Structures are given as structure tokens and as C-alpha cells.
Amino acid sequence: MENTPLFNSKIKEILSQLRPGERTCQETGERYLIREEDIAFYKRMLVPAPVVAPWVRQRNLLAHGSPPDELFKIKSALSGKEIITNIGPSPDVPVYAEDEWFSDVWDAADYGVDYKPGESFFKQFHALKLKVPRPCKLPDEGSINSPWAIGGVHMKDCYMVSAGYECENILYSASAIKSRDCMEIFFSDYCELGYQLFQCKHCYKSSFLDDCESCISCTFGFDLKNCENCFGCINLRHKKYNFFNQQLTKEEYENKMNGLNLGSRKELNEWQKKFNEFYKNNAIRENLHLKNTQNVVGDNLTQCNACYNCFDSYNIQDSANVFRGMNVRDSHDIMGGLNMEKSIGLCAVDSYNVKYCTEAIYNSTNLEYCELCYNLENCFGCVGLRNKKFHILNKPYSADEYWQLVNKIKYEMLASGEYGQILPLKYLIYGYNLTWANIIFPINEARAMAMKLPWHVHEKNSANNGLTAESLPDNIKEADSKIIGSLLVCSETGRLFKIVEQEFDFYKKMNLPLPVAHPLVRRQKLYKKLRTPILSESVCGNCNKKIMIRGSIESQVAKNVCGDCYLKIISS
């Protein structure tokens, strides 16, 4: 027996007329493809085909997710105690301390409201979102001494880190796994004593590396594998004592390095410029990174099968438009999912048959248009609920009442064009510039204002009460520990920042100069290396064969080559 017969009848009628082919994105006007495989999925899920391009759906999901970087001190709306949160100060959104939010002293069901027929469901859902308290930040399970970390697991002595796993003494980083004593690393795993590492694995005592693996004592490098004591090098394998890809003896290399003073900010910046130019003129990049995959379209995929337009994911099967997913089956439009099946349009963990849920769904089944929910079953349009069944807009119903009302809501949403859409950006509660969306799909403040999106305006130094870059010593050897905790003025934005003790000790240990830019400015520059999860048609830079590359043609720096040419060049 069908639980939603009126809706099912209408959606089946719509889907019966759906044919594969190109569509025009209702937001951008660009063309995108609906495949036969997509239509089969929509029929299994009983959802309409999307009306916007895949990257627009990705952006909207990322924009509604929990902000990854910025942290603020505010007062708990429940107890008044000071809390640390990644939710920007706003009178519209009540925020509780993490332990308060997960306690039994309140119940999100108390905020339940009646559905208003004939009115926009999205508008009603947004109104509920603004009323229900939110946790100051997603829990850092099993973490120790890491109050300034966000959404990690088993973190110890970490500061300003988001989405880390089993890390120790990590600062100003994101998506790091099992790393220690590092700073400013992004999408990097099993690293130690690393600085400015991007998409690196098993690297030790190395700095300014991009897409490197199993490297020791390397500085300024791209696409290095199993290298040791290399400086300014690209595309090397199993090498030692190379300086800008020139093979040196151990003595020659050590003499070169002894002549450098990387603890000087001025000299370090000069070598950074030289490496950037060397990289621009000489680096090659394999057009797509695919490992143990079959029948896939995408990039940076491992152990995936029958996937289309998927990126940066592991063990994905029969899915499309997945970004940063792991163990995902039969799903579309997933941003950051883990252990999911038969779902569409969301970020969730350990969940099944979940649709269009924009933030933090855990261990749930049969949910639609929900967020910040834990252990739910059969709920629609709910926020902040835990351990519930048969709720609509946070209000409880009997099973029969629930299905009757869901049938009506979905039918009305289908008629109005809302059902099947990911929540539009106009319903954001965070400043767009605080979200993952602005990292992957960046826009400036003027563009955000034109799109009528919320934008967080950072406070700037207006009292000239911080030390400027010119007043900091150029060389780390001249830096005194008295600088710890002092207010510094960002050389690029004018924002005030401080150097914490962990950070100061790291610079001394690694012989790196004190920074003159705000840590979030430094992180944003690292983020820019993350290529947009969009595929473009191009040609191999070596043999001119047609290939697909990640990102736009204009955004490429390294020369993209096909897999065959890449292997020949690397092995030569």
C-alpha cells in the first residue's frame, strides 16, 4: 500500500514523460545533461528531475552546511555562559553550548508548528530554522584539549581545525587525518612536522607541498612521490638531493641548503616566487586521478564503480554528483556523505533513503527536508530533533496522520515547483563567505549583495592598536616569545590576529618566519588550490588527444596531459 498515493500518482505521471537529453539551468542558463541512468534513479526515488545544473546543487548544499573555519565567542542563548561557535553572531539564530544542546533540558519538538496549506513550504521551514536552537558547533567526539576545533573526531591539543580525525597538535587546518605537529594543512593525511601541505600523504618535516606522497625534508614541491631532501621540485619519483629538478650530490645539496635562510620572510617569499614560476612553466598534471575504478566520470576517485560526475571520494557505487563521499550507494547530489544509501541532495552519516536535507543528518531513515537531526525515522521538514518518529515541522503525529499530511505537502510542493529542489540560497542563515560554498565556488561581497545573500562583515582594526607587519622581525631567529598573544594587524585585510604559543613554538622548530597575514587569509590561499569539482573538455598538452580536465580551462596552471603521456614523461 502506498503511503502517499496522491503524490505518487502525480510524480509517476511526470516521470513517465521524462526523456534523457540536455536541459537549461533555471539559474545560470547553462546546459546540463539528464542521462537515462539519472531518470532510472529518479523513478526509484520518486523525485522530479532537477531544474538547475549539478554544480549549482553542489553549491547550495555546501552553503547550507556548517561553516568550516571562522570561530566566534558568544553567549549561550540558554545559560548565558561564554561559548565558542562557528555560527556568526546573529540575533536571529539562538545558539546553545554543545553539552546543553545534546542534553535533555530542552526538546526541539517544543518548537513544532502546524503546516499552513497554500503557503511556501520553504518559507515555513526557514522560519522554523530561525527559531530552533543550534549547537555552538558539531561535536568533536573523543577530543581532548581542543575547544577551538570543529566537527572532528579524537583530536588532541588542536587549534582552529575543522573536520580532523585522530590528529594531535594541529593548527589552522582542515580535513586532516592522523597527522601531528603540523600547521596549515588541507586534505592531508598521515603527515608530521608539515607546513602548508595540500593533498599530501605520509610526508615528514616538509613545507609548501602540493599533491605529494611519502616525502621527507622536502620544501616547495608538486607531485613528488617517495622523495627526500628535494627543494623546488616537480613531478619527481624516488629522488634525493634535487634542487629545482637538478640532480646534486649530497654534499652539493647540503651546501645549497646551508646557503639559504628560509627563516627570513623576505628570502622565503623570494623562493616562493621562483618556485611558482618554475611550476607554471614546467609542471605537468595527469588530467584525472582514478585508482581502482570502473565506469566512472570524475576525479580523485578510489575504489569506485558506475559513478558519474563524482569527485574526491572513496568506495562510491552507482551514484552521481558526489563530492567528498565515502561508502555511498545508489545516491545523487551528495556533499560529504559517509555510509549512505538510496539518498539525494544532502550531507549525512549512517543514513538511508534521505532526501534534500541540508545539514548534519546522523543515523536516520526516511527523512525529507530536515537538518541537524539525529536518530530519526519518517520525519519531514524538521530541525534539531533527536530520537523521534512521525514529525512534520517538529510537530508529532500518529503514523496515519503523518502520511496523510506528507502526501498533501509533497503534492502541493510538486505543484509549486519546490519539491525536488535543494533549499535555495535566499534561505541561508550563515554569511555565504563563512561557508564551504565560498571555498569551492567563491564570490565577492558585491556579487553576494547582488544575489541578496547574507555576508559576514569582519571587524577591522580601527584604533591602530596592533603591531604592523613592518614592526615584526624579518627572521624567526630574532623573534622573541613576548610576541605571543600580542595583537597583530593583517597586512592584507587589516583584521587583528594573535600568535598563540603552539604556533610560535612551531615556527621556531621549523625555522619559519612569523606571519604577517591573518590565519584565515593564509588558509584561503591554500584553499584556492582545490580545483572546482567541474569537468571541462580539453586536449592533452603532449599528444593533443581529447581529454577531460577538472576545473575550467582558464583556471589551469600546470599542463594537463593524458594518463599515457603522464606515465611516459614521469618515467623518462
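In this report, we go over the structure that sits alongside the text. (Residues numbered from 1 in each chain as written. Predicted model: local features only at pLDDT ≥ 70, side-chain atom pairs only at ≥ 80, totals over all residues. Heavy atoms only, no water.)

## Description of the overall build of the protein chain
Counting its secondary structure elements, the protein chain contains 13 helices and 33 strands. Scaling as 2.2 N^0.38, a compact globule of 572 residues should have a C-alpha radius of gyration of about 25 Å, and the protein chain matches this with 25 Å. Seen through its C-alpha atoms, the protein chain measures out along the principal axes to roughly 80 × 60 × 40 Å. Relative to its 572 residues, the protein chain shows a buried fraction of 55%. (Helix = DSSP H or I, 4+ residues; strand = E, 2+ residues; numbered from the N terminus. Rg over C-alpha atoms; globule rule 2.2 N^0.38 Å. Buried < 20%, exposed > 50% of the residue type's maximum accessible area, 1.4 Å probe, protein only.)

## Focus: the pairing of strand β2 (residues 31-34)
Where burial is concerned, the two faces of β2 differ: the one with Tyr32 and Ile34 is buried and the one with Arg31 and Leu33 is not. Pairing between strand β1 (residues 21-24) and β2: four bridges, direction antiparallel. What sits directly across from glycine 21, in β2, is isoleucine 34. In sequence, β1 turns back onto β2 through a hairpin of six residues, with glycine 29 there showing a positive phi of about 80 degrees. (Pairing = 2+ DSSP bridges.)

## Notes on the packing of aromatic side chains
With the rule as written, the count across this model stands at 45 aromatic pairs. Of note, arginine 386 hangs over the ring of tryptophan 101, and the distance from its end group to the ring centre comes to 5.6 Å. The lysine or arginine in question, arginine 522, covers the ring of tyrosine 172, its NZ or CZ lying 5.5 Å from the ring centre. (Phe/Tyr/Trp six-rings, centres within 6.5 Å; stacked < 30°, edge-to-face > 60°. Lys NZ or Arg CZ within 6 Å of the ring centre and 35° of its normal.)

## Some thoughts on the state of the cysteines
Within this structure, the stated rule accounts for zero disulfides. Its sulfur unpaired, cysteine 215 is 4.6 Å from the next cysteine sulfur, which belongs to cysteine 218. Its relative accessible area of 0% is what places cysteine 215 among the buried residues. You can see cysteine 233 has no disulfide; the closest cysteine sulfur is in cysteine 230, sitting 4.7 Å from it. Classification of cysteine 233 by relative accessible area gives buried; the value is 0%. (Disulfide = S-S within 2.5 Å.)

## What about the nonpolar core?
Counting residues in each nonpolar core, the largest one holds 97 residues, and the members touching the most others are Phe121, Phe186, Leu367, Phe380 and Ile392. Take this core: its biggest share by element is eight residues, from strand β24 (residues 344-362). With residues up to four places along the chain from it excluded, the contact list for isoleucine 392 reads Val113, Phe380, Cys382, Tyr397, Tyr402, Leu405, Val406 and Ile409. Membership of the second largest hydrophobic core comes to 44 residues, among which are Leu171, Leu268, Ile476 and Tyr507. (Core = buried A, V, L, I, M, F, W, Y, C linked by side-chain atoms within 4.5 Å. Contact = heavy atoms within 4.5 Å.)

## Concerning the environment of tyrosine 374
Position of tyrosine 374 relative to the elements: it lies in strand β26 (residues 371-380). Tyrosine 374 gets classed as buried once you look at its relative accessible area, which sits at 11%. Residues tyrosine 374 and lysine 388, spaced 14 residues apart in sequence, show a C-alpha to C-alpha distance of 8.5 Å.

## What to know about helix α5 (residues 121-131)
Residues spaced three or four apart along an α-helix point in a common direction, a consequence of the helix completing one turn every 3.6 residues. When α5 is considered as a whole, its buried residues turn out to be Phe121, Phe122, Gln124, Phe125, His126, Leu128 and Lys129. Among the structural elements, α3 (54-64), β6 (134-135), β26 and α8 (399-416) are those in contact with the buried residues of α5. One side-chain oxygen at the N-terminal end of α5 lies 3.3 Å from the backbone nitrogen of phenylalanine 122; it belongs to serine 120. (Polar contact = N/O pair within 3.5 Å; in protein donor to acceptor, adjacent residues only side chain to side chain.)

## Digging into the pairing of strand β14 (residues 228-234)
In terms of burial, β14 is largely enclosed, as six of its seven residues are buried. Taken together, the three bridges between strand β13 (residues 219-222) and β14 define a ladder with parallel strand orientation. Bridging from a neighbouring strand, phenylalanine 222 pairs with isoleucine 234 of β14. Relative to strand β15 (residues 240-243), β14 runs parallel, the two being bridged by three bridges. Each residue of the ladder has a partner; that of cysteine 230, found in β15, is asparagine 242.

## Some words on unusual backbone geometry
Positive phi, close to 55 degrees, is recorded for glutamate 184, a residue that is not glycine. Along the polypeptide, glutamate 184 turns up in strand β10 (residues 180-186). Backbone geometry at glutamine 196 places phi at a positive 55 degrees, although glycine is not the residue there. Along the chain, the position of glutamine 196 falls in strand β11 (residues 192-198). Classification of glutamine 196 by relative accessible area gives buried; the value is 14%.

## Remarks on the sheet that holds β10
On the basis of which strands lie adjacent, the open sheet formed by 10 strands has the order β7-β8-β9-β10-β11-β12-β13-β14-β15-β16 and mixed pairing. Pairing within the sheet leaves two strands with one partner each, and these edge strands are β7 (149-150) and β16 (246-247). Contacts from helix α11 (residues 501-510) reach β8 (159-162), β9 (168-174), β10, β11 and β12 (204-210), with the element oriented near 95 degrees to β10. Across the face of the sheet, helix α12 (residues 519-527) comes into contact with β8, β9, β10 and β11 while running at roughly 70 degrees to β9. (Axes fitted to C-alpha atoms, helices over the stretch in contact; angles between N-to-C directions.)

## Here's the deal with the environment of phenylalanine 311
By the secondary structure assignment, phenylalanine 311 is in strand β20 (residues 305-323). Each C-alpha atom of the pair phenylalanine 311 and cysteine 357 lies 20 Å from the other, and the pair is 46 residues apart in sequence. Once residues lying within four places of it in the same chain are set aside, the contact partners of phenylalanine 311 are Gly298, Asp299, Asn300, Leu301, Val322, Phe323, Arg324, Pro533, Ile534, Leu535 and Arg550.

## Some points on the side chain of serine 179
Tracing the backbone through its elements, the reader meets serine 179 in the loop between β9 and β10. Only 3.0 Å separates the side chain of serine 179 from the backbone nitrogen of cysteine 191, close enough to count as a polar contact. Beyond its immediate sequence surroundings of up to four residues, serine 179 is in contact with Glu166, Cys167, Glu168, Ile170, Ile185, Ser188, Asp189, Tyr190 and Cys191.

## Quick word on the environment of valine 95
By the secondary structure assignment, valine 95 is in strand β5 (residues 95-96). Sequence separation of valine 95 and lysine 568 is 473 residues, and the distance between their C-alpha atoms is 56 Å. Beyond its immediate sequence surroundings of up to four residues, valine 95 is in contact with Ile74, Lys75, Ser76, Ala77, Ile83, Thr85, Ile87, Arg134, Pro135 and Cys136.

## Looking at α3
α3 sits mainly inside the fold: 10 of its 11 residues count as buried. The set of residues buried in α3 consists of Pro54, Val56, Arg57, Gln58, Arg59, Asn60, Leu61, Leu62, Ala63 and His64. Its buried side turned inward, α3 meets β2, α5, β20, β22 (332-335), β24 and α9 (436-440).

Everything listed here is a matter of coordinates, which is why it stays silent on function.
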